[in-house]
Amino acid sequence: MAGLAESGSNPDVDLLYDINGLAKDAPPWFDRVMEFVGEYGLLLAIVLLVLWCWWSVRRRGEEDAASSVAALVWAPLAAGIAVLVNVPIRGFVERPRPFLDHQGLEVLVAGKNDYSFVSDHATIVMAMAVGLFVANRKFGLVALVLAVFGGFIRVYMGVHYPTDVVGGFALGTAVALLLSPVAMALLTPVTRAVERSPRVGWLVRARGRGGAGDGADAVVHGARSEQAAGASERDLAA
């Protein structure tokens, strides 16, 4: 399996040179930006999207807030599980990094000497994006676009073959989708318990948004209205 894509006539290698060739033609400052975005920026952006979606869910305080928050919790958990699943895959395939087998690549990040297939970065960002898409279509679509762009950058940086990225996308998607029913069955009761807690319930639903507190207030206001109406009737009778 270590001989994957060793031939320069392989379409995987041809596409690698085509995409990585863009880095050679770009100014150095642009390559530095792409390096940061590919290593940290896009992952950070998807994490911020998850947090933004969580903030939006808890502020709305809808009836299904607990299940929505459970789905958002699943997004980073899916990424972590997918990376763990990738450990034996990498050890079995043992595919060297492309710059070790192919000359003339513009490598933007030094020190990448571990195995190449499957890409951890592609696995993480796609698992989180798919998990976010399950929780919220609007935020999820943005995350999916960012994840695909992140995979492109990994090839642009010269540290992965295109098929490394595609494999990472497939692995992240499979873990996020296939384990989602089990994850939701386990996480939703937890988030509902958190929602009922007077101390940490704000993690699921903002104060004053639904819940028992609002119902109690409504009952109190109704009782006061009835008392006021009764008092007015007594005054008229007098």
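Residues numbered from 1 in each chain as written. Predicted model: local features only at pLDDT ≥ 70, side-chain atom pairs only at ≥ 80, totals over all residues. Heavy atoms only, no water.

A.B. asks: Help me out: how do you make sense of the packing of helix H3 (residues 65–93) against helix H5 (residues 120–135) in this one?
C.D. replies: Think of two packed helices as two axes; the pair is described by the angle between the axes and how far apart they sit. Running from N to C, H3 and H5 point in directions that differ by 155 degrees, and their axes come no closer than 8 Å. Our classification of the angle between H3 and H5 gives roughly antiparallel. With respect to the hand of their crossing, H3 and H5 are arranged in right-handed fashion. Across the interface between the two elements, Ser68, Ala71, Leu72, Ala75, Pro76, Ala78, Ala79, Ala82, Val83, Asn86 and Arg90 of H3 pack against Asp120, Thr123, Ile124, Ala127, Met128, Gly131, Leu132 and Ala135 of H5. (Axes fitted to C-alpha atoms, helices over the stretch in contact; angles between N-to-C directions. Helix = DSSP H or I, 4+ residues; strand = E, 2+ residues; numbered from the N terminus. Parallel < 35°, antiparallel > 145°, perpendicular 65-115°, else oblique. Left-handed = near helix turned anticlockwise from the far one by under 90°. Contact = heavy atoms within 4.5 Å.)

A.B. asks: Sorry if this is basic, but what is going on with H5 here?
C.D. replies: Given 3.6 residues to a turn, an α-helix orients residues that are three or four positions apart in the same direction. For H5, which comprises 16 residues, the first-to-last C-alpha distance of 23 Å matches the rise-based estimate of 22 Å (1.5 Å per residue) to within 8%. When we look at burial in H5, the residues that qualify are Ala122, Thr123, Val125, Met126, Ala127, Met128, Ala129, Val130, Gly131 and Leu132. On its buried face, H5 is in contact with helix H2 (28–60), H3, helix H6 (137–156) and helix H7 (162–178). Two to three positions downstream of the cap, the backbone nitrogen of His121 sits 3.5 Å from a side-chain oxygen, assigning the N-cap of H5 to Ser119. (Expected span 1.5 Å × (residues − 1). Buried < 20%, exposed > 50% of the residue type's maximum accessible area, 1.4 Å probe, protein only. Polar contact = N/O pair within 3.5 Å; in protein donor to acceptor, adjacent residues only side chain to side chain.)

A.B. asks: Sorry, what's going on with the pattern of salt bridges here?
C.D. replies: When the charged atoms of two side chains lie near each other, side chains of opposite charge can form a pair. All chains considered together, the criterion is met by eight salt bridges. Within the structure, one salt-bridge network assembled from shared partners comprises Arg90, Arg97, Asp114 and Asp120. (Salt bridge = Lys/Arg side-chain N within 4 Å of Asp/Glu carboxyl O.)

A.B. asks: How should I be thinking about the environment of Phe92 in this particular structure?
C.D. replies: Looking at the element boundaries, Phe92 is found in helix H3. Judged by relative accessible area, Phe92 falls into the exposed class, the value being 60%. Spatially, the C-alpha atom of Phe92 lies 9.6 Å from that of Phe117, the residues being 25 residues apart in sequence.

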